[in-house]
Amino acid sequence: MRPSGIGGQAVIEGVMMRNKKNYAVAVRTPNDSIEISKGIYVGITERIFLFKLPILRGVAAFIDSLILGMRTLMFSASFYEEEELDKDASLRERRSKAAKEKKEKKEAIVMGMVMAISIIFALAIFMLIPFALAELFKGRIESYVVRSIIEGVIRLIMFILYVKAITFMKEIKRVFMYHGAEHKVINCVERGLELNVDNARKQSKEHKRCGTSFLLYVVLITMIVFLFIQTDTLWLRILLRIVLIPIIAGIAYEFIRFAGRSKGRVMDILSRPGMWLQALTTKEPTDDMLEVAIASVEAVFDWRKYQGRDYEQTEETEETPMDVKKPAFETITIDGEDDFAEASEEIAGEKEESIEDILRELESYTKNIKKSDE
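Just so it is clear, the model here is predicted, and its values are computed rather than measured.

(A) Looking closely at the overall build of the protein chain. If you tally the helices and strands in the protein chain, you get 15 helices and five strands. A total of 374 residues make up the protein chain; the buried ones form 38% of that total. Contacts in the protein chain between residues far apart in sequence, at least 24 positions, make up 70% of those at least 6 positions apart. When the accessible surface of the protein chain is summed, it comes to about 22400 Å², and 61% of that surface belongs to carbon and sulfur atoms.

Following this line, the structure appears as C-alpha cells:
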C-alpha cells in the first residue's frame, strides 16, 4: 500500500482533507446536501525553513493541525448554529460586509482562546496530575525509575479512560463515524481501488498515520524519555515535563511518519497499539458519510492520477462496479481564481461533445451553405 500523502480530520457532520497546501471541508448540511469549501493553508514548515528539520517539523505539524482543525471545525459547526438560531436561509445573504468581518474576527479570537484553554487543560490533566500522583509514592518507593514508570502508567490509563469516556457523547459518536469514513476512503485510494462507496465500505477504519496513534505515542514516548532524565529538584522536574512536550511530540510525529511509509514487519508490530486505540476513536460510517469523505478527497486530490488510471476508461472488476453513482454536490465554495478556472474546466469537460457529433454538425453546416449558394 503506497502512501498518498493526504491526511484528514473528522469535523461536525463532515470531513476535512488536506493535500500539501490545499485543503477541503465537505459537510452534510441540514437539508441533506453536501457543501464543500476549498482553501489554501500555508503551514509553518513552508514559512520557516528551520521547521523542515526532523523533530521540529513534527512540532510545526502539530501546531498546524490544531490551527487548521479548529478553523474547519468552526466552519462545519456554522451550518448547525444557523439551523438552531434561525431557519431563514436568506439571513446570511443579508449580512453586511462589516458584520461578516466582525464575525470572522470574533471567531478568530474565540478560536485562539479555545486552543489556549485546551492546551492548558491537557497539560494539567495528562502531564501534571500523573506527576503529582506518582510523587505520593516517593516516601515508599525510593527508585526514581520505578516512580517514573508508575507516572507513565497513570498517564496512559488516564488518556485511555478519557478517550473511552467521550465515546458516550452522542455528538462525538457521529464525529467518530466520520473519522472512520475518513480512514476508509484514504485506505481505498492507497490500496489502488476505484474511489466509490462500495469499495470504501470494505476498507479498514484503521490507519497508521492517524492522530489517535500520534497522541498515544506522545504518552508512551513521554514515559521513556523521563526514565533517563533524573533530577531531585521538584520545580525543575515540573518544568521539564512542560518544556519537553514539543520535542516529544516531534519524536512521536517522526515515528508515525516513518510507520506510515514502512512496510516492514517490525513497524507493523510497533504500530499495533495505535491501531488498537483507534477502535475507540473510529466507528463504522454510513454510506452517506462515505459520500462526504469521498467528496472531500476529490476536491483536493487527483486519486486517478495517483493510481495511474486512464481517465477515459477504468477497468471493471468485482470490487469496482461501474454502476455506482458519484455523490452529487449542491454547493461548492471556491477560494481563488485558479480554483474557479479549474472548476470551470471540470464542468465544461463534462459537457464536451464527441468527435462524431462535431463531424456531423460540420457536415450539416456545409450542406446548408451549398443550398444557400444554389
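(B) Representation of the packing of aromatic side chains within the structure. The tally for this structure, following the rule as stated, stands at five aromatic pairs. Ring centres 5.6 Å apart and planes at 75° place the aromatic pair Phe126 and Tyr162 in the edge-to-face group. Of this pair, Phe126 sits in helix H4 (residues 97-135) while Tyr162 sits in helix H5 (residues 144-166), and the two are 36 residues apart along the sequence. The exposure class of Phe126 is buried, given its relative accessible area of 15%. Ring centres 4.6 Å apart and planes at 45° place the aromatic pair Tyr217 and Phe255 in the tilted group. With Tyr217 in helix H8 (residues 211-225) and Phe255 in helix H10 (residues 245-261), the pair connects residues that are 38 residues apart, well separated along the chain.

(C) Up close: the environment of Phe137. Relative to the helices and strands, Phe137 is located in the loop between H4 and H5. Its relative accessible area of 31% is what places Phe137 among the partly exposed residues. For the pair Phe137 and Arg147, spaced ten residues apart in sequence, the C-alpha separation works out to 7.1 Å. Residue contacts for Phe137: discarding those within four places in its chain leaves Arg147 and Ile150.

(D) Representation of unusual backbone geometry. We note that Glu13 has phi near 55°; this positive angle belongs to a residue other than glycine. Topologically, Glu13 is positioned in the loop between strand E1 (7-11) and strand E2 (14-19). Its relative accessible area of 14% is what places Glu13 among the buried residues. With a phi close to 75°, Asp32 is a non-glycine residue in the positive phi region.

(E) The confidence of the model for the protein chain, seen in detail. Confidence in the prediction of the protein chain, expressed as mean pLDDT, is 78, and 71% of residues score 70 or more. Segment residues 312-354 is flagged for pLDDT under 50; beyond a separation of four residues in sequence, or across chains, it makes 47 contacts in the model.

(F) Fine view of the pairing of strand E3 (residues 22-28). Burial within E3 is extensive, with six of its seven residues counted as buried. The pairing of E2 with E3 spans six bridges and is antiparallel. The residue bridging Val15 from the neighbouring strand is Ala26, located in E3. Following E2, the chain reverses through two residues before pairing antiparallel with E3; Lys20 in that reversal takes a positive phi of roughly 60°.

So, how was this worked out
- Residues numbered from 1 in each chain as written.
- Predicted model: local features only at pLDDT ≥ 70, side-chain atom pairs only at ≥ 80, totals over all residues.
- Heavy atoms only, no water.
- Helix = DSSP H or I, 4+ residues; strand = E, 2+ residues; numbered from the N terminus.
- Buried < 20%, exposed > 50% of the residue type's maximum accessible area, 1.4 Å probe, protein only.
- Contact = heavy atoms within 4.5 Å.
- Areas by Shrake-Rupley, 256 points an atom, 1.4 Å probe, with all protein chains shown as cover.
- Phe/Tyr/Trp six-rings, centres within 6.5 Å; stacked < 30°, edge-to-face > 60°.
- pLDDT = per-residue confidence, 0-100.
- Pairing = 2+ DSSP bridges.

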